[in-house]
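# Coordinate analysis (summary)
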Amino acid sequence: MLFRSTYPSPTGQPGTNGTGGGGGGGNSAPPGYPGGTGGSGIVILGVPTSNYPFVTAPPSAVVTTPSSAPGYTILSFTSSGTLAVQASAPSPGPVATPYVAQYLVVAGGGSGGSGDGAGGGAGGFLSGNTTLTSGSSYTIIVGGGAATTPGGPATPAGGIRGNKGNFSYIYNPGTSANVAVSYGGGAGGTSQRANCEPGTPGGSGGGGAYGQCGGGGYLYPGPTQQGYPGGQGKTGAGAASAGGGGAGGVGTPGCGHTGGPGGIGAIWPYTGPGIYYAGGGGGSTCGTPSTAGTGGSGGGGNAGVGTNSSSPTAAGSAGSANTGGGGGGGGNWGCSYLSGVGGAGGSGVILIAMPTPNYPGSAPGATVTTPPAAPGMTVLTFTSSGTYTA
């Protein structure tokens, strides 16, 4: 009898699971042999690897990143289950980006003295640049101008020196440090004989009266100065008082019956060549005829005109709001102790200029412009205190 060394199974072989392969057929020889079962199916999904974090697969899924499919994660399902996918990927949120911004910080102007009063000094004019970080908040403080200086018959000794303006500054709460600080304008002196008082220092100095010195400008002279000194007061006929200092020049001394003009203010390149800030207040005088000193360009107030009657025009004019201009000196009614009121200082202002692509799209409390003088830049003007989120 002969025997074969191998004898194939008469039963059909099953298909391989997870391939969907068919089963092999059975041998038909008696008594008859069954065919093999079919292999189970499979579901394969290819997901971009960057999106895979937003997919939740059941534990039975086999996860691979084959080299034949770069950038994709492959999910292989050989049994039933549930695949969960987030409706949308969460926003990554804003990315903090530093950028360089330009700033101008102008403090409140000083008020003029009453009674042949000198002009108030302009608020400090401080410009520069700093690095801001998008998403960070910065505190904006705009300093107020100095209050009006009292005058009139009840004023002791006929005249009172003016008041100093208030600081303006930008503060970074994240670092607990000031970004930029400008100093209030100096007070204008008074030339009333019984109560002569000099001008006081400030961002720009207040003007002097009746032989008194004007106040100095902060950090004057030097590259970091914020303004110029007030002018020197004169003695003799008319005793004309000097103008307060401005961001761009000293206050002018008075002469005879002509009060000294206030010092000129300064421009900031990002708002244009014709816009001045921080002009000094004009100085006053008394007598007939007399000429009041004019305020310096940049919001300085004109002085009052002294006459031989109690005319309301003897009051000095206030510095213009949001320029940091100094107030004009009050006149003297008939060269007596009936003193005209010294003009209030103008409030300060803060401006921030940034490349337009870095502008966050809103700045509550600020006026937003794109001046022709600064192409590609957006300028924010803050006329009152608040918060800026970069």
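A brief report on the enclosed structure follows. (Residues numbered from 1 in each chain as written. Predicted model: local features only at pLDDT ≥ 70, side-chain atom pairs only at ≥ 80, totals over all residues. Heavy atoms only, no water.)

As a further point, take the pairing of strand β6 (residues 98-106). Buried residues dominate β6, accounting for seven of its nine residues. Two strands pair when backbone bridges link them, and β6 and strand β7 (residues 125-133) are joined in this way by nine bridges, in the antiparallel orientation. Across the sheet, tyrosine 103 pairs through a bridge with glycine 128, a residue of β7. Sheet topology note: the β6/strand β13 (residues 349-355) ladder contains five bridges and is antiparallel. Note that in β13 the partner of valine 106 across the bridge is valine 349. (Buried < 20%, exposed > 50% of the residue type's maximum accessible area, 1.4 Å probe, protein only. Helix = DSSP H or I, 4+ residues; strand = E, 2+ residues; numbered from the N terminus. Pairing = 2+ DSSP bridges.)

Below, the discussion takes up the sheet that holds β7. Sheet architecture is open: five strands sit in the order β7-β6-β13-β15-β14, paired in antiparallel fashion. Of all the strands in the sheet, the pair left with one neighbour each is β7 and β14 (366-369). Taking the axes of each pair of neighbouring strands and ignoring which way they run, one obtains an average angle of 20° across the sheet. Relative to strand β15 (residues 377-382), β14 is paired through four bridges, and the arrangement is antiparallel. Bridging across to β15, valine 368 finds its partner in leucine 380. (Axes fitted to C-alpha atoms, helices over the stretch in contact; angles between N-to-C directions.)

Let us look at a nonpolar patch on the surface. On the surface, Val43, Leu45, Leu83 and Val85 cluster together to form a nonpolar patch covering roughly 310 Å² of accessible area. Its location among the elements puts valine 43 in strand β1 (residues 43-48). (Patch = residues over 30% accessible without salt bridge, like charges linked within 9 Å, V, L, I, M, F, W, Y side chains within 5 Å. Areas by Shrake-Rupley, 256 points an atom, 1.4 Å probe, with all protein chains shown as cover. Salt bridge = Lys/Arg side-chain N within 4 Å of Asp/Glu carboxyl O.)

Turning next to the sheet that holds strand β4 (residues 72-77). Ordered by their spatial adjacency, three strands build an open sheet running β1-β4-β3, and the pairing between neighbours is antiparallel. On the outer flanks of this sheet lie β1 and β3 (62-64), each paired with one strand and no other. Between one strand axis and the next, the sheet turns through 20° on average, direction left out of account.

All we've got here are geometric facts, nothing functional implied.
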